[in-house]
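Survey of secondary and tertiary structure
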Amino acid sequence: MNPLILTILLFALGLGTTITFMSSHWLFAWMGLEINTLAIIPLMTQHHHPRSTEAGTKYFLAQATAAAMLLFASVTNAWLTGQWDILQMSHPLPTTMITLALALKIGLAPLHSWLPEVLQGLDLTTGLILSTWQKLAPFALLLQINPTNPTVLIMLGITSTLVGGWGGLNQTQLRKILAYSSIAHLGWMALILPFYPSLTLLALLTYLIMTLSTFLVFKLNKATNINTLAISWSKTPIITTLTPLLLLSLGGLPPLTGFMPKWFILQELTKQNLPLLATFTALTALLSLYFYLRLSYSMTLTMFPNNLMGTTPWRFFTQSTSLPLALSISMAIALLPLAPAMMALLTP
Amino acid sequence: MLKILLPTLMLVPTIWVTPAKWLWPTTLAHSFLIALTSFSWLKNFSETGWMSLNKYMATDALSTPLLVLTCWLLPLMILASQNHTSAEPINRQRMYITLLTSLQFFLILAFSATEIIMFYVMFEATLIPTLIIITRWGNQTERLNAGTYFLFYTLAGSLPLLVALLLLQNNTGTLSLLTIQFSDPILLSTYADKIWWAGCLIAFLVKMPLYGVHLWLPKAHVEAPIAGSMILAAVLLKLGGYGMLRMMTVLEPLTKELSYPFIILALWGIIMTGSICLRQTDLKSLIAYSSVSHMGLVAGGILIQTPWGFTGALILMIAHGLTSSALFCLANTNYERTHSRTMILARGMQMVLPLMTTWWFIASLANLALPPLPNLMGELMIITSLFNWSWWTIALTGTGTLITAGYSLYMFLMTQRGPIPLHITAIEPSHSREHLLIFLHLLPLLLLILKPELIWGWTF
């Protein structure tokens, strides 16, 4: 892609999200989301391949539906209450509709089914943008409306953690696994949103860090399915050693970073006197853990047989930059001792 | 505390900067020095029972023996792993010792934590190094299955524990072990409270493991490399017992009614796993099932909540830790020579490795609890307190003891006596490293006969 066009697209991508961040008016928020969607579609289809075209189309349809629903809901809101202010949502009907529209936008189950298919059609960089940056604007809106009834978000959250775990179990394609992992993580964020929005933010932040490093690891290894991961030990031995920790951190095992949001979310749920919900959610995390564990098995904990020439690529100098990966992977593994500081940062 | 923790952390740079030639001697010496320093914890002259207090950690009569056992095990694991990792590249050997060290680090933090959530985090943190040790350094492909079983059994038990602990924290306002026994008794009457009680204990019962949720243990033991088996049998299972001992004070009024099924399972498990041992062909599997059987006794002793039961449980945990670890080492010396765990393929070892037979003999006797070894002291205290609770338990514990003697004898006869098969006449003689290894297991066991109050816990 022409660098000038790429720059314009990335700028528009940033602009759309920023407009949504800044807006207090539903029309502006909707506009930001639309700019954002329209900017990423050319990025999705930059490789002329049937799969990426399919992904772009599916993404467009899902996002357009969500945006139309959002617009409809905000117009309804204006009609019912006479104002467009995001922070002043009071009527349950538009609030629920907007929640569902945003759930479709980020891919919360049961509105998730576009996400794995779209992600599978993208290259890893665009996939990274889709599973990190594209979640920010909808979450900014979700955090601002105060839901009148927590049941919708709880149901979305529980379904997502379940579907995210179950869906990932029989996948061999890394991008689909990451999509389901994303669904499960978003479920945790949606679950705690009605009770303690700062924890949603914390979970989102740790999810961004962990997903960033996972995508960067896969990109460094040019890996798109589990089999390719199996020979990564011959390309990048040290990253291969660290990746199980990263994957288990995604799975939420103490003492890694991924445990922090889960711990706090469970604590808040027990404080809200919802111990059964807390236990159930905690146990659904085991489903996701299984496929992370399977990835670590094939990547690091077993040695894939390779011919003699195949074992030496790590000796060659590579041009790829690894500083972002180094930073994000250390944060994705070892942030738990900083939990008090993180909470202080994110609590208003 | 930091006198032990910082040297343990500094083992990591030692491991990575030592020249390859000196890797094993240096790490051994370093970890052995840590183990010797850790003995200073045993001299507990504090009136409150708590020693070496700092902000997050402390030791008391209950955790000290387990802490010292943890520190003692690291040099032994290094000593035991030297041969079977010698064929690997040097960096992988360094990684292996680093994992063992990290395990010791997490275990020290777990046993000395003064906050239950801190204990929980460290309890879980030990899973990752153990998982990697089992699935990366195990020998067969079934090791992946074993790793999955290990991880998921433990986590399925311990995630409800986390929720239960957080509920407790909301109720009492603190989870500090220093003050929790002084907090007001919680009102426990509803069904939800009963489920909460189960949530608090099941994680530890899975870790112990209780009969019925023990299936992960034989798999993990059979597939793990020697150091993994050693630490698993000697210390990791004891995390379960330790956690139960700590939680018992909080769960006070409910345990009396609710513990019956668990006591029955524990005692029934002694018989069942003992019987499985009697018909076992796989040496490591036999020792693993023997661990389950002994841990059943420990679980029974803790669940009836008498001072004798608690003390017996702690004594048996320490004694069994040393004994089963020694047995795994002995099994490994056979495995490294014959490359098979099947007992029938390596009989009559007395003819080829006569001194090893002595060690096998002492370790088997310790396993079947011969007087005056601490094993007997622990079993006797638990059996007595169980008998005091109900006469009928003697039928189960007595039979269990008999079966234990039976399979220990079976194990000894099967490996050491009998005709020597032709295919193993040319095996290499035992190294002094191996003799030292077993000796260092049995020495503390024998010395504890002279001063058993070190592991008597709260009773002393």
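Note that the coordinates shown come from a computational prediction; the quantities given were computed from them, not determined experimentally. (Residues numbered from 1 in each chain as written. Chains lettered and ligands numbered in written order. Predicted model: local features only at pLDDT ≥ 70, side-chain atom pairs only at ≥ 80, totals over all residues. Heavy atoms only, no water.)

**Some details on the UniProt feature "transmembrane region" (unreviewed entry) in chain A**
Filter applied, for reference: UniProt positions are given in the numbering used here, feature names are shortened, and annotations may be inferred rather than shown by experiment. Segments assigned H or I by DSSP are reported as helices when at least four residues long, segments assigned E as strands when at least two residues long, and all are numbered from the N terminus.
Summarizing the sequence annotation, UniProt attributes the feature "transmembrane region" (unreviewed entry) to residues 57-80, 92-115, 151-170, 177-195, 201-218, 238-256, 276-293 and 325-346 of chain A in the numbering used throughout. Regarding residues 201-218 of chain A, the helix share stands at 100% and the strand share at 0%, and the terminal C-alpha atoms are separated by 26 Å.

**Things to note about the nonpolar core**
Among soluble globular proteins, nonpolar side chains are generally buried collectively. Threshold: Among buried residues, the Ala, Val, Leu, Ile, Met, Phe, Trp, Tyr and Cys ones that are joined through side-chain atoms within 4.5 Å form a nonpolar core. For the exposure calls, accessible area comes from a 1.4 Å probe over protein chains only, and a residue counts as buried if that area is under 20% of its type's maximum, exposed if over 50%, partly exposed in between. The criterion used for residue contact is that any of the two residues' heavy atoms lie within 4.5 Å.
Trp26 of chain A together with Leu151, Trp196, Met244 and Ile302 of chain B are the most contacted members of the largest nonpolar core, which has 283 residues in total. Among the elements that take part in this core, helix α10 (residues 226-248) of chain B stands out by supplying 16 residues, more than any other. Not counting residues up to four positions away in its chain, the partners in contact with Ile302 of chain B are Met208, Gly241, Met244, Leu245, Met248, Phe310 and Ala313 of chain B.

**Here we look at the packing of helix α10 (residues 197-220) of chain A against helix α15 (residues 323-334) of chain A**
Residue and element names in this part refer to chain A. Put simply, the test is: Geometry is summarised by axes, namely lines fitted to C-alpha atoms with helices restricted to the contacting stretch, and by angles between N-to-C directions that run from 0 to 180 degrees. Roughly parallel refers to an angle under 35 degrees, roughly antiparallel to one over 145, roughly perpendicular to one between 65 and 115, and oblique to any angle outside these ranges. Handedness of each helix crossing follows the sense of rotation of the near helix against the far helix: counterclockwise by less than a right angle gives left-handed, clockwise gives right-handed. The residue classification treats Ala, Val, Leu, Ile, Met, Phe, Trp, Tyr, Cys and Pro as nonpolar and Asp, Glu, Lys and Arg as charged. All others, Gly included, are polar.
The interhelical angle for the contact between α10 and α15, taken along N-to-C directions, is 135°, at an axis separation of 8 Å. Considering their axes alone, α10 and α15 lie oblique with respect to each other. Considering how the two elements wind past one another, α10 and α15 form a crossing that is left-handed. Residue-level inspection shows Ile209, Met210, Leu212, Ser213, Leu216, Val217 and Leu220 of α10 in contact with α15, the latter providing Pro324, Leu325, Ser328, Ile329, Met331 and Ala332. The residue inventory of the contact of α10 with α15, partitioned by class, reads 11 nonpolar, two polar and no charged.

**Observations concerning the domain arrangement of chain B**
A common way to state how big an interface is: give the accessible area lost once the parts meet. Residue and element names in this part refer to chain B. Quick note on the threshold: An automatic or database domain assignment supplies the residue ranges for each domain. Using a 1.4 Å probe, buried area is obtained as the accessible area two parts lose upon being combined, added over both of them.
Once the domains are mapped, chain B shows domain 1 (1-42 + 54-252) and domain 2 (260-459). Taking only C-alpha atoms into account, the centre of domain 1 sits 21 Å from that of domain 2. Tallying the contact residues gives 46 residues for domain 1 and 45 residues for domain 2. Between domain 1 and domain 2, a total of about 4100 Å² is buried, with carbon and sulfur atoms accounting for 76% of that surface. A per-residue breakdown of the area domain 1 buries against domain 2 is headed by Leu79, Tyr211 and Leu245, which together make up 16% of the total.

**Quick look at the domain arrangement of chain A**
Residues and elements named next belong to chain A. The criterion, for reference: One side-chain nitrogen of Lys or Arg within 4 Å of one carboxyl oxygen of Asp or Glu is enough to make a salt bridge. Pairs of N or O atoms are called polar contacts if they sit within 3.5 Å, as long as, within protein, a hydrogen donor faces a hydrogen acceptor (for residues adjacent in sequence, only side-chain-to-side-chain pairs).
Structurally, chain A comprises domain 1 (1-148) and domain 2 (159-171 + 182-307 + 321-347). Between the C-alpha centres of domain 1 and domain 2 the distance comes to 24 Å. The partner domain 2 presents 23 residues to the 20 residues of domain 1 that form the contact. Both faces considered, domain 1 and domain 2 share a buried interface measuring about 1800 Å² in area, 85% of it formed by carbon and sulfur atoms. Three residues stand out in domain 1 for area buried against domain 2, namely Leu124, Phe139 and Leu143, and they jointly supply 33% of the buried area on that side. If you look at where domain 1 meets domain 2, you find zero salt bridges. Summed over the shared surface of domain 1 and domain 2, the result is three residue pairs in polar contact (both at pLDDT 80 or more). If you list the elements that add at least two residues to the side of domain 1 that touches domain 2, you get α5 (114-120), α6 (124-131) and α7 (133-144). Taken together, the residues of the side of domain 1 that touches domain 2 sort by class into 13 nonpolar, six polar and one charged.

**A word on the packing of aromatic side chains**
Residues and elements named next belong to chain B. Basically, it comes down to this: Centres within 6.5 Å are what make two rings of Phe, Tyr or Trp a pair, Trp counting through its six-membered ring; a difference in plane orientation under 30 degrees is then read as stacked, over 60 as edge-to-face, and the rest as tilted.
Scanning the entire structure with this criterion turns up 21 aromatic pairs over all chains. Here the aromatic rings of Phe119 and Phe123 are separated by 5.8 Å at their centres, their planes lie at 40°, and the arrangement is tilted. Here Phe119 and its partner Phe123 are both found in helix α5 (residues 116-125), four residues apart, which amounts to about one turn of the helix. There is no split in this pair, since Phe119 and Phe123 are both buried. Three or more aromatic residues joined by ring pairs form one cluster here, namely Phe111, Phe119, Phe123, Phe204 and Tyr242.

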